[in-house]
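Observations on chain architecture
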Amino acid sequence: MTEPTTLAHSPSHALNPAQAVLRPLLGAAVLGFVVLYGVAFAESPLAHNAAHDARHVTVKPCH
Amino acid sequence: MIFQRLIWAALAVAVVVGSVQSGVQQLQAVPIILAAEVYESQKVEAPAAAAAPAAAHTHTDGAAHTHAGEAAKEWEPADGAERIFWTWVANVLHAFSMALLVFVVMGFSLARGSNLRSLTLAAWVAAAGWLTFHFWPSLGLHAEIPGMDAARLGSRQGWWVLAAASAALACGSLAMLRNPWRWAAAAAWLAVPYVVGAPHIATDPLAGFSGEAQTALRQLGTQFIWATTWVSLSFWVCMGLAGGWAFQRWVRPALLAVLQRSEAPVAGAVQAPQ
């Protein structure tokens, strides 16, 4: 959708600067939430037992 | 290239912050957990536990059992070095997720034209992180020690997410809106989870214990709230310092290299740096 602008401003790059910065930031945010879910919320007994003390100390609902 | 930088920088910060957190909590919070687990084996089934079978947790399904009893069913780290190691792993992963989110907010601020120094920006983001991920959810759902009864796990997790999301939106309103009403908007967001109300059971969370154990656990519970407060404060101070340093060293140059590649204004950069 922003292809024409991108090409006009920086022909050597596929993404304009805003996209080139926002995409990796978005990816990092998604990864951050996935890891947080695994450590703090996943109900799998393995995840719960391994992270038990960390969950209690970081005040996540645990039991 | 930016994504890789974010990952490696967050990992470096996570090892430092997670290790410091492990050290701090090993000294003051973990002894409280271990002390509470000694009493946990004396627990008799509380009326509240019977009333909430949906919690489906092993702590509520039997008259009296210990964590050692659970080990027969599911793996759990052995007390001592193994347990300390897995707690460290969990702390580092938790710090990794927080560092990633801190970098995302800092990177987004930079893309919007913030001209704050990395350390100053990191301090603001870390303060928002403490409010979002510790203080605001913990105010409604206090830190729990093992053995306490509580409302159904899913409902508490849901409320925790609501409280954290509301606090994050409040911080976002203050940081991004220029309207004088932004304070009202932030206050309204902060009120949302408390208008909904945190899920609590009607009975005493320690009803399953008698006499001496109940008194001791109540004391441990209060100590644990303070212990977790100090852990979270040291965690977010470390995160601000290490995160600010790592962002300045690795992330900021990569972001600026791309942002300055073109003179075209970045979308959303309404407020240009003076």
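No experiment lies behind these values; they were computed from the predicted model shown.

Residue and element names in this part refer to chain B. Inspection of the secondary structure assignment puts Trp 250 in helix α9 (residues 211-259). A residue is classified by how much of its surface remains accessible, and Trp 250, at 28% relative accessible area, is partly exposed. Spatially, the C-alpha atoms of Trp 250 and Leu 6 are 8.1 Å apart, while their sequence positions differ by 244 residues. Ignoring sequence-local partners within four residues, the contact set of Trp 250 consists of Arg 5, Ala 9, Ala 12 and Trp 245.

Residue and element names in this part refer to chain B. Split into domains, chain B comes out as domain 1 (1-39 + 80-141 + 208-263) and domain 2 (151-200). Counting residues at the interface gives 11 residues for domain 1 and 15 residues for domain 2. Between domain 1 and domain 2, roughly 1200 Å² of surface is buried when both sides are summed, and carbon and sulfur atoms account for 76% of that area. For the pair domain 1 and domain 2, the number of links is zero salt bridges. At the junction of domain 1 and domain 2, the tally comes to four residue pairs in polar contact (both at pLDDT 80 or more). Here the side of domain 1 that touches domain 2 gets eight residues from one element, more than from any other, and that element is helix α6 (residues 118-140). In the side of domain 1 that touches domain 2, the residues fall into eight nonpolar, two polar and one charged.

Cut-off values and rules
Residues numbered from 1 in each chain as written. Chains lettered and ligands numbered in written order. Predicted model: local features only at pLDDT ≥ 70, side-chain atom pairs only at ≥ 80, totals over all residues. Heavy atoms only, no water. Helix = DSSP H or I, 4+ residues; strand = E, 2+ residues; numbered from the N terminus. Buried < 20%, exposed > 50% of the residue type's maximum accessible area, 1.4 Å probe, protein only. Contact = heavy atoms within 4.5 Å. Domains from an automatic or database assignment. Buried area = accessible area lost by both parts, 1.4 Å probe. Salt bridge = Lys/Arg side-chain N within 4 Å of Asp/Glu carboxyl O. Polar contact = N/O pair within 3.5 Å; in protein donor to acceptor, adjacent residues only side chain to side chain. Nonpolar A, V, L, I, M, F, W, Y, C, P; charged D, E, K, R; others polar.

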